[in-house]
Amino acid sequence: MNATYLKPEERAVYALRELYRSYGYLPFKMSKFEEYDLYVRNKDFLVSDRIITFTDVGGKLLALKPDVTLSIIKNGEDRPGYKQKVCYNENVYRVSGSTHQYKEILQTGLECIGDLDTYDICEVVTLAAASLSAVSQAFVLDISHMGILSAMLDEITTEGDIRREIAACIAEKNPHDLARICTEAGVSEEDTATLRDFMTMYGDMDTVLARLLPLCRRYEAVAIAHGELTELRDHLKNTPYADRVHFDFSIMNDMSYYGGVVFCGYLDGICECVLSGGQYNKLMKRMGRKAGAIGFALYLDLLEGLPHTLPAYDVDVLVLYDTATPVSAVTAKVEALRAEGKTVSAQRAIPDKLRCATLCDLRKEGASC
Amino acid sequence: MLNIALPKGRLGEKVYAMFAEAGYECPSLLEPSRKLIFENPEAGVRYFWVKPSDVAIYVERGAADIGVAGKDILLEYRPDVFELLDLNLGKCRMAVAAKSDFYDDGSRTLRVATKFTNIAARYYASKCREIDIIKLNGSIEIAPILGLSDVIVDIVETGKTLVENDLEVKETILPISARLICNKAAFRFKTAEIEKITSYMKAQVETHD
């Protein structure tokens, strides 16, 4: 196969399937439809809660799946030491944030579910970096840990609205509204200053870990998260991606579903996060599973935004023939040109919208093209 | 090269003055012309003049790396951007206003005229108040006078327009000012440049305070 004809997202599908299979992630094929109830019970986990529904022949309310993870984790067994490693390449149906219309989105990704250990976390995060690298060398993978902010907020307030507003400010790197919200909520100046300092912790892994140390002394959960991030840093330092992986605590997923490492990947030239993932142990618990889980998805539709050069021509050769030209002559010419590695379009008239490098007119007697 | 979306109008000119003072000058920008894009390769900046309500779209979609947008627009459309700095310019407030003799006893659906339907809907939802939103695009103040609505939700700067139309502020929803916003992906690839320009702007804001 000539890979130059493939679009970036098509090339990515092949490259990533090979990558995931090489680490033992088995393909998981799922139905396009799921029972609507699955999504209603976990609607905050979804990127958008607007779902396309329909009634099936048996009267059951079904949905065109807006998410892959829920379908994968709803079944499976929890056994000590056992892990299910799956990869997928699936369409999901969501409302686009920019157009506010339903959109079919092609996702590729993987999930590691079961009795997880540090190796599994390191493997999945490394595969996230490798996935971005397979698409473009100009990438950044930003990693955060949901346990840190969660621990800080537990000490500050139990009020859900205030917690959400503070988390939103951290996600926006918005120090001014954070100060206002803290003042209005009666958060102490010391805690407000700690949150503002936390917001500025991003960049290379060593620097962020060093800046996080004072918080470890104050919050036990932060010390645990620091330990996990340190192990991850040590692992990533031995990969080719170390200089493209940063820690940034503005990366945030819903705290009621995600409980550990979360991450987002960016490609230069694309204006939004193209890869998103993390540890969703809390979701597993809500779905009655005892196991841990980590995974990520790469949004292949966004890769259309990657800069690429359009070929100067649609085909190398346009072969023109008429009703008097023997079929065998057209076939022979087309196959000969293809054998030379050229792309060919055989037509009886010059199409309006076809750019060809050369013309081979078999209508002329003794054509030698 | 840093791409900067500026809101057309007085606010944009004030903001450009701050960028220029911070060392990101582009003198051609102030020359009278119909051009909308201005570049100074030496300073490493390209400015665009865009409609104030569109700045957030340019930044969110990555056409601009950074830009300046009012907090009203950010609250209404909730673009997925970083909000790096409160520039303390264009200060006003989002408020509920009504005729001075209006009293809301809470016994019936409140009719709310506004340009900012999302802000109004969220505000009253937080108060569990049933409302009927009437979306208008301008001259909001006349809605209560003509009986189209009970109240309006709008930006109030000095309150002069309200007074002239026999209206008064009943509740303040939120203070509003211009914010320096940044595309989340651009922040990852141009971190040093964006941090530098933000710190220069921050120094000016603190000096003026």
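Residues numbered from 1 in each chain as written. Chains lettered and ligands numbered in written order. Predicted model: local features only at pLDDT ≥ 70, side-chain atom pairs only at ≥ 80, totals over all residues. Heavy atoms only, no water.

A.B. asks: Before we move on, can you summarise the nonpolar core with the specific residues and values?
C.D. replies: Counting residues in hydrophobic clusters, the biggest one holds 103 residues, and the most contacted among them are Leu141, Ile143, Phe198 and Phe263 of chain A. Contacts of Phe198 of chain A, omitting those with residues within four sequence positions, involve Ile148, Leu149, Met152, Ile170, Leu212, Leu215 and Phe249 of chain A. Grouped together as the second largest cluster of nonpolar side chains are 32 residues, Leu29, Tyr47, Phe82 and Cys182 of chain B included. (Core = buried A, V, L, I, M, F, W, Y, C linked by side-chain atoms within 4.5 Å. Buried < 20%, exposed > 50% of the residue type's maximum accessible area, 1.4 Å probe, protein only. Contact = heavy atoms within 4.5 Å.)

A.B. asks: Run through the domain arrangement of chain A, naming residues and quoting values.
C.D. replies: Where the parts come together, the accessible area they lose is often given as the size of the interface. Per the domain assignment, the segments making up chain A are domain 1 (3–138 + 268–305) and domain 2 (315–361). Each of domain 1 of chain A and domain 2 of chain A has a C-alpha centre, and the two are 44 Å apart. (Domains from an automatic or database assignment.)

A.B. asks: Describe the interface of chain A and chain B, and please don't skip the residues or the numbers.
C.D. replies: The interface of chain A with chain B comprises 23 residues on the first partner and 21 residues on the second. Summed over both sides, the interface of chain A with chain B buries roughly 1600 Å², with 56% coming from carbon and sulfur. When the area that chain A buries against chain B is broken down by residue, the three leading residues are His176, Tyr266 and Cys271 of chain A, summing to 33%. Across the contact surface, chain A and chain B share four salt bridges. The tally of links from chain A across to chain B stands at twelve residue pairs in polar contact (both at pLDDT 80 or more). Those elements that place two or more of their residues in the side of chain A that touches chain B are β7 (139–145), α6 (160–172), α7 (175–185) and β10 (261–267) of chain A. If you tally residues by element for the side of chain A that touches chain B, the top one is α7 of chain A, at four residues. (Buried area = accessible area lost by both parts, 1.4 Å probe. Salt bridge = Lys/Arg side-chain N within 4 Å of Asp/Glu carboxyl O. Polar contact = N/O pair within 3.5 Å; in protein donor to acceptor, adjacent residues only side chain to side chain. Helix = DSSP H or I, 4+ residues; strand = E, 2+ residues; numbered from the N terminus.)

A.B. asks: Describe in detail the sheet that holds strand β14 (residues 344–347) of chain A, supporting the description with residues and values.
C.D. replies: The strands making up a sheet associate through hydrogen bonds between their backbones, and the pairing can be parallel or antiparallel. All names here are of chain A. Judged by pairing direction, the sheet is parallel, and its three strands sit side by side in the order β14-β13-β15 without closing on themselves. Across the chains shown, the open sheet's two edge strands, defined by having one partner strand only, are β14 and β15 (356–361). On average, adjacent strands in this sheet sit at an angle of 20 degrees to one another, irrespective of strand direction. As defined by bridge partners, strand β13 (residues 315–320) adjoins β14 across four bridges and the pair is classed as parallel. Among the inter-strand pairings, Leu320 is bridged to a residue of β14, identified as Gln347. Lying on the sheet, helix α12 (residues 327–339) is in contact with β13, β14 and β15; it crosses β14 at an angle near 165 degrees. (Pairing = 2+ DSSP bridges. Axes fitted to C-alpha atoms, helices over the stretch in contact; angles between N-to-C directions.)

A.B. asks: An account of the state of the cysteines is requested, with residue identities and associated values reported.
C.D. replies: All names here are of chain A. In the structure shown here, the tally under the stated rule is zero disulfides over all chains. Looking at Cys216, it has no disulfide partner, and the nearest cysteine sulfur is the one in Cys122, 18 Å off. The exposure class assigned to Cys216 is buried, which follows from its relative accessible area of 15%. (Disulfide = S-S within 2.5 Å.)

A.B. asks: Which residues make up the layout of surface pockets, and what are the values?
C.D. replies: Residues and elements named next belong to chain B. By volume, the second largest pocket is sized at about 850 Å³. Residue lining of the second largest pocket: 37 residues in total, with Asp72, Gly90, Cys92, Ile155 and Glu157 positioned closest to the centre. Taken together, the elements giving at least two residues each to the lining of the second largest pocket come down to α1 (10–21), β4 (66–70), α3 (71–77), β9 (151–156) and α6 (160–164). (1 Å grid on protein atoms, 1.4 Å probe; cavity = no way out; pocket = protein on both sides within 12 Å on 5 of 7 lines; lining within 4 Å. Points joined across faces, edges and corners; volume = space filled by probe spheres on them.)

A.B. asks: Would you mind going over the sheet that holds strand β4 (residues 61–64) of chain A in detail, with residue names and values included?
C.D. replies: Residues and elements named next belong to chain A. A sheet is described by the order of its strands in space; here three strands give the open sequence β2-β4-β3, paired in antiparallel fashion. Every other strand in the sheet has two partners, leaving β2 (33–35) and β3 (53–55) as the edge strands with one partner each. Between one strand axis and the next, the sheet turns through 40 degrees on average, direction left out of account. Where β2 and β4 come together, three bridges link them in antiparallel fashion. Its bridge partner lying in β4, Glu34 is registered against Ala63.

A.B. asks: I'd like a rundown of the side chain of Gln204 of chain B, residues and numbers included.
C.D. replies: All names here are of chain B. Among the structural elements, Gln204 can be located in helix α8 (residues 191–208). With relative accessibility at 7%, the residue Gln204 sits in the buried group. In contact with Gln204, other than residues within four places in its own chain, are Met18, Glu21 and Ala22.

A.B. asks: Can you tell me about the packing of helix α4 (residues 118–135) of chain A against helix α10 (residues 220–236) of chain A, naming the residues and giving the values?
C.D. replies: Residue and element names in this part refer to chain A. Remark: α4 packs on α10, axes separated minimally by 10 Å, with the N-to-C direction vectors making an angle of 55 degrees. Taken as axis vectors, α4 and α10 run oblique relative to one another. Of the two elements, α4 crosses α10, and the hand of that crossing is right-handed. Contacts between α4 and α10 pair Thr118, Ile121, Cys122, Val125 and Thr126 from the former with Glu231, Leu232, His235 and Leu236 from the latter. Taken together, the residues of the contact of α4 with α10 break down into five nonpolar, three polar and one charged. (Parallel < 35°, antiparallel > 145°, perpendicular 65-115°, else oblique. Left-handed = near helix turned anticlockwise from the far one by under 90°. Nonpolar A, V, L, I, M, F, W, Y, C, P; charged D, E, K, R; others polar.)

A.B. asks: Summarise the environment of Val95 of chain A; cite the residues concerned and give the values.
C.D. replies: Of note, Val95 of chain A is situated in strand β5 (residues 83–95). Residues Val95 of chain A and Val47 of chain A lie 48 residues apart in sequence; the distance between their C-alpha atoms is 8.9 Å.

A.B. asks: Please provide a residue-by-residue account of the pairing of strand β5 (residues 81–86) of chain B, values included.
C.D. replies: Residues and elements named next belong to chain B. The buried fraction of β5 amounts to six of the six residues, a majority that puts the element mostly inside the structure. Pairing between β5 and strand β11 (residues 178–183): five bridges, direction antiparallel. Paired with Glu83 across the strands is Ile181, a residue of β11.

A.B. asks: Give a detailed account of α1 of chain B, specifying residues and quantitative values.
C.D. replies: Residue and element names in this part refer to chain B. Between its first and last C-alpha, α1 extends 17 Å over twelve residues, near the 16 Å set by a 1.5 Å rise per residue. Every buried residue of α1 is accounted for by Gly12, Val15, Tyr16, Met18, Phe19 and Ala20. The inward-facing, buried residues of α1 contact β1 (2–7), β3 (45–50), β4, β11 and α8. One or two residues past the end of α1 sits Gly23, with phi positive at roughly 105 degrees. (Expected span 1.5 Å × (residues − 1).)

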